[in-house]
Amino acid sequence: MQRAYLLLLLSFLLTRVAADDQLTGRVIGTQESVDYQTSAKSTTVNTCSNAFDGDMNTFFASWERSRTWAGLDLGSPHVITRVGWSPRNDSQGPDRVVLGLFEGANREDFMDALPLYIIDEKGTIGMMSYADVSCSRGFRYVRYIGPSDARCNIAELAFYGHAGDGDDSHLYQLTNLPTVTIHTEDGVLPYDKEHDISSQLTIISKDGTHLLSEPGSVRERGNASRSFPKKPYRIKFKEKQRVIDSPAKAKKWTLINNYGDKTLMRNLLAFELSKKMGMPYTPYGTAVDVVMNGEYVGCYQLCDQVEVHKQRVNITEMTPEDSEGSALTGGYLIEVDAYADQELSYFYSNKGNPVTIKSPDEDEITYVQKSYIKTQFNRMESNWEKYLDLQTFLRHFLVGELSGNTDTYWSVYMYKHRDDEMFYTGPVWDFDIAFENDNRTYPINSKSDYVYRSGGSCAGQMRSFTDNIVIKNVSAQKQLLEIWDEARRGGLTEDYLVEWIDSVETALQQSQRLNFMRWPIMNSYVHQNPRLWGSYTKEVENVRRFMKERLAWMDRRLGYEYKPSAVERVTVDLSQSFEVFTPSGLSCGHDLNGLRPGVYVVRQGHAARKVVIRE
């Protein structure tokens, strides 16, 4: 029996060795190299073929500093099971491989490329480093793309595997987060907000078991965020897609860069506050790793595009023919926007507020439609008690103040339904300098008044507009307190927020490490950073501490005394049936209401949970 087992094991090992031989093929890659002796461009010295010559004293160094590569045409698809590399033999060599990325493709232009492995540590001169590859698809073309600003600089590369088409049962993610890869036609990088670059858009998620890869386009997005080295993007699929676990099936999505937010979670936290505050629509968002043309560009947040959509801003989408009667009344999506005059479709209100018209689109809106929405907005400004929906405005206000967002009224989305005279506020957006991340308002909790009145940035006359509602109107103040009480009793507690931050911090650990290798700014002031906390852990702790203090600050400012719900912690799905028992097993029925104070056991399906009923 033992001899048979050993023979079987030997047979398996021999088969694996044979299957995983080092692969050979036609050398391909960036053609223009640099001759360090003359500092001139070359096609004969330090070329990509040196990466496959077996000599660690030769190397490939490209002329361009970024987005250059060396690889092999294997002639037919092969499943890659292992990769190897060795850095150039010079003082910077070991560092120049960090964040180098291996890819496989079946198109020679690598438009359909998928990642194979990213290097996350320094190389060793004169030695090969190896990594196993967890990607079940077969590829004809394989390559190594050097990290940014490294001229590829690689001494040796090696690919191992076996012939075959493979399958898509398991693909490679850079970290535990979904991986978004964008490959643009001819390698053209997005360069402005107007021109869409044809692309293949790929998302690998669910631990490598789910693949979405479709044609589309990419362009830059944002305003101030476009000035950062780490660019924000808008991606657009050719056909509507449901990405990862998003509610919406849509063409347009955003990639928020979070450059000045060193926690990489502020926008996601704000979206969580929006849900807790009962906003009708909160944008979908999830953290992802992003690769552009084979180069790792960082940890982003993949989010909804704020647009008219049944699962986004759910209003009637207008056409140019909607020019009279009921059709002319909506729907409209607008933004009170400090940057409105940089857009094509905008107006200034009678009270001096700059307003961008987001829908109808700038290339479809008619003169009659523009005139109508401008007139209606002016009417709302002058008579907000009648034409502004206070519930959404006040919930939006509370999210901005609880998060300490100095940009709350720098950019405010509003919308109007067809056959409805009211203007509604939302969704919430843009929180990269919220949660104690703005040197103009730091420390926020030392201020006695709301942040929008204590250094916050307001477009046009939005400060006085908000004052008229929140400060001067007794009825609005009463509604504000009612909404706050509803949120606090509905689970907006210190424990909940701390637990949420803790869980996201854990989920982001792998990705934040790569992000701050790519963008080593942890000890640099960027954007409006008020302090250098020195580490990712301390950056998150700053937000955690702020949220604890801010929740108590808001209670004091609103004159509210928080009284915990009678049910301390209910960890069951209350929408599904359950039964309540005493600890001794006596049934108490199917409802938590009306129970005497004490400890109870709630059984739902096969799970049992303790709850505490307080006096």
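The structure presented is a predicted model; accordingly, all values stated were derived computationally and were not measured.

A. Region of the structure containing the overall build of the chain. When its secondary structure is counted, the chain shows 10 helices and 25 strands. In terms of principal-axis extent, the alpha carbons of the chain reach across some 80 × 70 × 50 Å. With 615 residues in all, the chain has 56% of them scored as buried. Once local pairs closer than 6 in sequence are excluded, the contacts in the chain between residues at least 24 apart make up 69%. Accessible area of the chain: about 27100 Å², with a carbon and sulfur share of 47%. Each charge class in the chain can be summarised by its mean position, and for the 70 positive and 82 negative side chains these summaries are 4 Å apart.

B. Spotlight on the nonpolar core. If you look at the biggest cluster of nonpolar residues, it comprises 92 residues, and the most contacted ones within it are Phe-435, Ile-469 and Trp-484. Looking at this core element by element, the count peaks at nine residues for helix H10 (residues 536–558). Among residues more than four places away in sequence, those in contact with Trp-484 are Met-277, Leu-398, Leu-402, Leu-492, Leu-551, Met-554, Asp-555, Leu-558 and Tyr-560. Judged by nonpolar contacts, the second largest core, of 37 residues, contains Leu-116, Val-142, Leu-157 and Leu-174.

C. Region of the structure containing the packing of helix H8 (residues 494–507) against H10. Between H8 and H10, the shortest axis-to-axis distance is 10 Å and the interhelical angle comes to 165°. The angle between H8 and H10 places the two elements in the roughly antiparallel class. Along this stretch, H8 crosses H10, giving a crossing that reads as right-handed. Packed against H8, whose contacting residues are Glu-494, Leu-497, Val-498, Ile-501, Asp-502 and Glu-505, the element H10 presents Tyr-536, Thr-537, Val-540, Val-543, Arg-544, Met-547, Lys-548 and Leu-551 at the interface. Its residues assigned to classes, the contact of H8 with H10 comprises eight nonpolar, one polar and five charged.

D. Local environment of the environment of Gln-305. Positionally, Gln-305 belongs in the loop between strand E16 (295–304) and strand E17 (332–337). Separated by 70 residues in sequence, Gln-305 and Ile-235 have C-alpha atoms that sit 9.2 Å apart. When near neighbours in sequence (up to four residues on either side) are disregarded, Gln-305 contacts Arg-234, Lys-252, Trp-253, Thr-254, Tyr-281 and Arg-312.

E. A look at the confidence of the model for the chain. Of all residues in the chain, 92% attain a pLDDT of 70 or more, and the chain-wide mean is 93. Every residue in residues 4–18 scores below 50 in pLDDT, and together they form zero contacts with partners more than four places removed in sequence or on other chains.

F. Structural detail: the sheet that holds strand E20 (residues 411–416). The five strands are arranged E18-E19-E17-E20-E21 in an open sheet whose pairing can be described as antiparallel. Two strands close off the open sheet at either side, each with one partner strand: strand E18 (346–348) and strand E21 (424–425). Pairing between E17 and strand E19 (residues 354–359): four bridges, direction antiparallel. By the bridge assignment for E19, Val-336 is matched with Val-355. The strands that helix H3 (residues 367–382) touches are E17, E18, E19 and E20; relative to E17, the one it contacts most, it runs at about 60°.

G. Examining the environment of Tyr-172 more closely. With respect to the helices, strands and loops of the structure, Tyr-172 is situated in the loop between strand E9 (154–163) and strand E10 (179–184). When its relative accessible area of 12% is taken as the criterion, Tyr-172 is described as buried. Expressed as a C-alpha distance, the spacing of Tyr-172 and Arg-67, which sit 105 residues apart in the sequence, is 21 Å. Apart from residues lying up to four places away in sequence, Tyr-172 is in contact with Pro-115, Leu-116, Tyr-117, Ile-118, Ser-134 and Ile-204. A polar contact is formed between the side chain of Tyr-172 and the backbone nitrogen of Ile-118, at a distance of 3.2 Å.

H. A look at the packing of helix H5 (residues 390–402) against H10. For the pair H5 and H10, the least separation of the axes is 10 Å and the interaxial angle reads 130°. Overall, the two elements H5 and H10 adopt an arrangement that is oblique. Judged by residue contacts, Leu-398, Glu-401 and Leu-402 of H5 engage Phe-546, Met-547, Arg-550, Leu-551, Met-554 and Leu-558 from H10. Here the residues of the contact of H5 with H10 sort into seven nonpolar, no polar and two charged.

I. How the structure looks around the pairing of strand E14 (residues 250–256). Burial of E14 is extensive: five of the seven residues sit out of reach of the surface. Where strand E13 (residues 233–241) lies against E14, five bridges are found, and the strand directions are antiparallel. By the bridge assignment for E14, Lys-236 is matched with Lys-252. Pairing of E14 with E16 involves four bridges; the strand directions are antiparallel. In the sheet register, Leu-255 faces E16, and the bridge partner there is Leu-302.

J. Local environment of H5. In this model, H5 (13 residues) spans 18 Å end to end at C-alpha, consistent with the 18 Å of a helix rising 1.5 Å per residue. In terms of residue burial, H5 counts as a mostly covered element, since 12 of its 13 residues are buried. Along H5, the residues that are buried comprise Leu-390, Thr-392, Phe-393, Leu-394, Arg-395, His-396, Phe-397, Leu-398, Val-399, Gly-400, Glu-401 and Leu-402. A positive phi of about 65° marks Gly-404, the residue just after H5.

K. Layout of the sheet that holds strand E11 (residues 197–205). Strand order in the closed barrel formed by seven strands is E10-E11-E12-E13-E14-E16-E15, and the pairing between neighbours is mixed. Each strand axis lies, on average, 35° off the axis of its neighbour in the sheet, ignoring direction. Pairing of strand E15 (residues 285–292) with E16, which is carried by eight bridges, proceeds in the antiparallel orientation. Among the inter-strand pairings, Val-288 is bridged to a residue of E16, identified as Tyr-300.

L. Region of the structure containing the packing of aromatic side chains. Enumeration over the complete set of coordinates arrives at 28 aromatic pairs. When the centroid spacing of 6.3 Å and the interplanar angle of 25° are considered together, the rings of Phe-393 and Tyr-409 count as stacked. Here the residue Phe-393 occupies a position in helix H5, and Tyr-409 occupies one in the loop between H5 and E20, the gap between them amounting to 16 residues. A residue is classified by how much of its surface remains accessible, and Phe-393, at 0% relative accessible area, is buried. With centroids separated by 5.0 Å and ring planes inclined at 85°, the aromatic side chains of Phe-397 and Tyr-450 adopt a geometry described as edge-to-face. Of this pair, Phe-397 sits in helix H5 while Tyr-450 sits in the loop between E21 and helix H6 (462–471), and the two are 53 residues apart along the sequence. Each member of the pair, Phe-397 together with Tyr-450, is buried.

M. Spotlight on unusual backbone geometry. The omega torsion of the bond from Gly-330 to Gly-331 falls at 0°, within 30 degrees of zero and hence cis. Position of Gly-331 among the secondary structure elements: in the loop between E16 and E17. Pro-427 follows Gly-426 through a cis peptide bond whose omega is 5°. Positionally, Pro-427 belongs in the loop between E21 and H6. One non-glycine residue, Asn-153, lies in positive phi territory at about 20°. Here Asn-153 shows up in the loop between strand E8 (138–145) and E9. Of note, Asn-258 is a non-glycine position whose phi angle comes to about 55°, a positive value. Inspection of the secondary structure assignment puts Asn-258 in the loop between E14 and helix H2 (266–276). Relative accessible area serves as the criterion here: at 3%, Asn-258 is assigned to the buried category.

Conventions and cut-offs
Residues numbered from 1 in each chain as written. Predicted model: local features only at pLDDT ≥ 70, side-chain atom pairs only at ≥ 80, totals over all residues. Heavy atoms only, no water. Helix = DSSP H or I, 4+ residues; strand = E, 2+ residues; numbered from the N terminus. Buried < 20%, exposed > 50% of the residue type's maximum accessible area, 1.4 Å probe, protein only. Contact = heavy atoms within 4.5 Å. Areas by Shrake-Rupley, 256 points an atom, 1.4 Å probe, with all protein chains shown as cover. Lys, Arg positive; Asp, Glu negative; His and termini not counted. Charge placed at Lys NZ, Arg CZ, Asp CG, Glu CD. Core = buried A, V, L, I, M, F, W, Y, C linked by side-chain atoms within 4.5 Å. Axes fitted to C-alpha atoms, helices over the stretch in contact; angles between N-to-C directions. Parallel < 35°, antiparallel > 145°, perpendicular 65-115°, else oblique. Left-handed = near helix turned anticlockwise from the far one by under 90°. Nonpolar A, V, L, I, M, F, W, Y, C, P; charged D, E, K, R; others polar. pLDDT = per-residue confidence, 0-100. Pairing = 2+ DSSP bridges. Polar contact = N/O pair within 3.5 Å; in protein donor to acceptor, adjacent residues only side chain to side chain. Expected span 1.5 Å × (residues − 1). Phe/Tyr/Trp six-rings, centres within 6.5 Å; stacked < 30°, edge-to-face > 60°.

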